[in-house]
Amino acid sequence: MTDYSGVSVEKLLKYGYKKLYDDKEPEVALATYANVLERNPNNIKALVYKAASLEKLYFGNKDKHTANIIDEANECLSKALVVAQGRGDRELISFVYFRLFVHYFNRKMYQEAGNFFQLAKDHDYQDATMSMWEQRLNKKLAKLKSEEKDNTVEQLNHLKLDKDPVKSFKVDWYQTPNNVTISLFTETLPSTVEDIIVNVSSNNRTINVSYPIVSKGSEFQYNVTLSNEIVSTNIQCKKFTKKIEIVFEKLQKRTTWHNLSEEQTTTTDKVKGKDWSKIIIDDKDENDNDEEDGSADSFFQKIYADADPDTRRAMMKSFIESNGTTLNTSWDDVKEDKVETVPPEGSELKHY
């Protein structure tokens, strides 16, 4: 190990600069600048050229091409900038800005490099190589801009050609006295239920549901502003074979929501009678723990509890309109026409 104890800081700085740029010995230069910083941790030139020594090792030595090396170089430059700004020395500040430009340029981070180059110019940095660096930077930025434009066009063309199933999905919902469940029917389901992310706005009404679609390299997105507030801290996600369900807790318990979202409106001038497609499905209270007794009622309740929203609507519509004589589980069969009463064999229907 070289003994630098009897050498002045000024001589060490010159020696390190010679070893770095003339003799191409960045490791010796690094040790030299490290010695200066042991004596004076805020020496700006030592910080800047220590960073340059680390960069030479990073780009010129495969064994030194590690994140730790380049991160340490960046830390040296960042500290040098803080020290220069603390002293209010415009010349030193411009010098550090220029070295930060070179640092990011060599890392091919041209946007960041351009920002620091402009800051160096704004602080009147003087160097014979400035015009050369500016030409190189402008070429890189122009190429980068062209590549970004080409990528944007390619992505747009891809979106036009690819009929992404993420955008075609069916939304349904139902409610219990205390909860609201939104069902999203889609062919592009998440890999796991843990992939589903639900964000709720500060007003506890606007929600965003998202998850990655790995096979498409895209993302599923569903947004809605609810007609009423929910408890944002109690959200459950469930995944099924053809849908996902998001279960929310109502902020105001035992209230009936007339619409899922604030954009929905109920129209009565075109449809006479009950609009079964918009019926609110109420389960029995979650706290009702009556045991099943094996009766027809309990059998009906079990089918109803396990059914999807369309099946529930079909069951309710057919059962009520037929006065309890018909139970149909197919919404497509019963949604258009009224379900007629079919009296048991051997009896006749009487109107009172």
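Residues numbered from 1 in each chain as written. Predicted model: local features only at pLDDT ≥ 70, side-chain atom pairs only at ≥ 80, totals over all residues. Heavy atoms only, no water.

The protein chain goes by CS domain-containing protein in an unreviewed UniProt entry, where it is assigned to Maudiozyma exigua. In its Sequence similarities (unreviewed entry) section, UniProt records this for the protein chain: "Belongs to the SGT1 family." (UniProt positions renumbered as here; feature names shortened; annotations may be inferred.)

Engineer: Any chance you could explain the pattern of salt bridges here in plain terms?
Structural biologist: A pair can form between side chains of opposite charge whenever their charged atoms are brought close. Inspection of every chain in the model, using the stated rule, returns 9 salt bridges. Between Lys50 and Glu72 there is a salt bridge whose closest N-O contact spans 3.2 Å. Of this pair, Lys50 sits in helix α3 (residues 44-60) while Glu72 sits in helix α4 (residues 67-87), and the two are 22 residues apart along the sequence. Looking at Glu72, the relative accessible area reads 30%, which means it is partly exposed. The partner of Glu245 in a salt bridge is Lys243, with the nearest N and O atoms 2.8 Å apart. For the pair formed by Glu245 and Lys243, the shared burial category is buried. Where salt bridges share partners, they join Lys18, Lys19, Asp23 and Glu25 into one cluster. (Salt bridge = Lys/Arg side-chain N within 4 Å of Asp/Glu carboxyl O. Helix = DSSP H or I, 4+ residues; strand = E, 2+ residues; numbered from the N terminus. Buried < 20%, exposed > 50% of the residue type's maximum accessible area, 1.4 Å probe, protein only.)

Engineer: Where do I start with the sheet that holds strand β4 (residues 206-213) in this structure?
Structural biologist: Each strand in a sheet pairs with its neighbour through backbone hydrogen bonds, running either in the same direction (parallel) or in the opposite one (antiparallel). Spatial strand order, β3-β4-β5: 3 strands in an open sheet with antiparallel pairing. Each having just a single partner strand, β3 (197-200) and β5 (218-225) make up the two edges of the open sheet. Strand-to-strand, the axes of this sheet are offset by a mean angle of 15°, without reference to chain direction. Bridging between β3 and β4 involves 4 bridges; their strand directions are antiparallel. Paired with Val200 across the two strands is Ile207, which belongs to β4. (Pairing = 2+ DSSP bridges. Axes fitted to C-alpha atoms, helices over the stretch in contact; angles between N-to-C directions.)

Engineer: Even after reading the chapter, I still don't get the sheet that holds strand β1 (residues 170-175), so can you show me in this structure?
Structural biologist: Here 4 strands make up an open sheet; going across it, the order is β1-β2-β7-β6 and the pairing antiparallel. Single-partner strands in this sheet number two, and they are β1 and β6 (230-239). For this sheet, the mean angle separating the axes of adjacent strands, direction not counted, is 20°. As defined by bridge partners, strand β2 (residues 179-185) adjoins strand β7 (residues 243-250) across 7 bridges and the pair is classed as antiparallel. Paired with Leu184 across the two strands is Ile244, which belongs to β7. Along the sheet, helix α9 (residues 309-321) makes contact with β1 and β2, crossing β1 at roughly 55°. (Contact = heavy atoms within 4.5 Å.)

Engineer: Would you take a moment to explain the environment of Asp337 for this structure?
Structural biologist: Of note, Asp337 is situated in the segment after α10 (331-334). The exposure class assigned to Asp337 is exposed, which follows from its relative accessible area of 56%. Not counting the four nearest positions on each side in its chain, Asp337 is found in contact with Lys317 and Glu321.

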